[in-house]
Amino acid sequence: MFAYIKGTLEMKMTDYVVIDVGGLGYKIYMSSIGMEKLGNIGEEVKVYTYYRVREDDVSIYGFNSNEELRMFELLLSVSGVGAKTALAMLAVCTPSEFVLAIVSEDINVLTSIPGIGPKSAKRIILELKDKIKKEEQIQELTNASNTINVKTKMQQAIEKESKITEAIAALQVLGYNKREIEKAFETIANKEEMITEDLIKKGLTILSK
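Attention in this report is confined to the structure presented alongside it. Just so we're clear, the structure is a prediction, and the values are computed from it rather than from any experiment. Residue positions are given per chain, counting from 1 as you read along its sequence in written order. Residues qualify for local features only when their pLDDT is at least 70, as the model is predicted, and side-chain atom pairs are given and counted only at 80 or more; totals for whole chains, interfaces and linings, by contrast, use all residues. Hydrogen atoms and water are omitted, and side-chain values are computed over all heavy atoms in the structure.

### Some points on the nonpolar core
Applicable threshold: Among buried residues, the Ala, Val, Leu, Ile, Met, Phe, Trp, Tyr and Cys ones that are joined through side-chain atoms within 4.5 Å form a nonpolar core. Here's how the labels work: a residue is buried when its accessible area is under 20% of the maximum for its type, exposed when over 50%, partly exposed in between, all with a 1.4 Å probe on protein chains only. Numbering of helices and strands starts at the N terminus; helices are DSSP runs of H or I of at least 4 residues and strands are runs of E of at least 2. The contact criterion used is simple: two residues touch if any of their non-hydrogen atoms lie within 4.5 Å.
Counting 47 residues, the largest nonpolar core has F72, L75, F98, L110, I124, F185 and I200 as the members making the most contacts within it. Looking at this core, the elements that each hand over two or more residues are β5 (57–63), α2 (66–76), α3 (83–92), α4 (95–103), α6 (118–129), α8 (153–173), α9 (178–185) and α10 (196–207). When near neighbours in sequence (up to four residues on either side) are disregarded, F185 contacts I164, A167, I168, L171, K191, L199 and G203. Grouped together as the second largest cluster of nonpolar side chains are twelve residues, Y26, M30, M35 and I60 included.

### Focus on the pairing of strand β1 (residues 4–12)
Applied cut-off: Strand pairing is assigned whenever DSSP detects at least two bridges linking the two strands.
As judged from the five bridges shared by β1 and strand β4 (residues 44–54), these two strands associate in the antiparallel manner. Across the sheet, K6 pairs through a bridge with K46, a residue of β4. Looking at chain direction, β1 and strand β2 (residues 16–21) are connected through four bridges and run antiparallel. Considered in β2, the bridge of T8 is made with D20. From the end of β1 to the start of β2, which pair antiparallel, there are three residues.

### Remarks on unusual backbone geometry
Even without glycine at this site, E105 takes up a positive phi of about 55 degrees. Along the chain, the position of E105 falls in the loop between α4 and α5 (107–111). With a relative accessible area of 42%, E105 lands in the partly exposed category. In this structure, N190 is a non-glycine residue whose phi angle is positive, near 55 degrees. Topologically, N190 is positioned in the loop between α9 and α10.

### Some details on the environment of Y176
With respect to the element layout, Y176 can be found in the loop between α8 and α9. Residue contacts for Y176: discarding those within four places in its chain leaves E67, L171, I181, L204, L207 and S208.

Shown next as structure tokens:
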């Protein structure tokens, strides 16, 4: 219903803020980190929003970026994950760390989030990894690298390409299409030398402009 809300920050409470837009105060639930980044009372702020309607509740959730909003939506699509848990994840895990954990099936990252145990982490990965349109090349390159015991130039090239492909897949989770991601990556110098997480972060910086 609302893509974003822009107005004057009137209040900061424990788990929500109030933004005044033309004399109308919007109560918007946010993570603690999100509220810290938002700004100070009296300043003009902008939050990307998710309008949630239930039989007994109508709430607005706010985010500092479209990537955080996309992450929240993905988490809500997982059975057993509610809005409070999704916000808790945003408080301790950035979108780049989250998508990297899903792509690499890193349970440890997810279980570091309060309220998420091994079973929940496995369910999140299982349900969300199908939403990630990985290139078949990722598995092919992984298999190829496992068969080589000595790091030859060929293996190093495979690993570099695999990191880039994995980063592209991760950014697709956040709603960007492959073509615009590849175009953004063309502008990154020395991307072959960067680790996957840095590639994702750099890609987010370019794509969010």
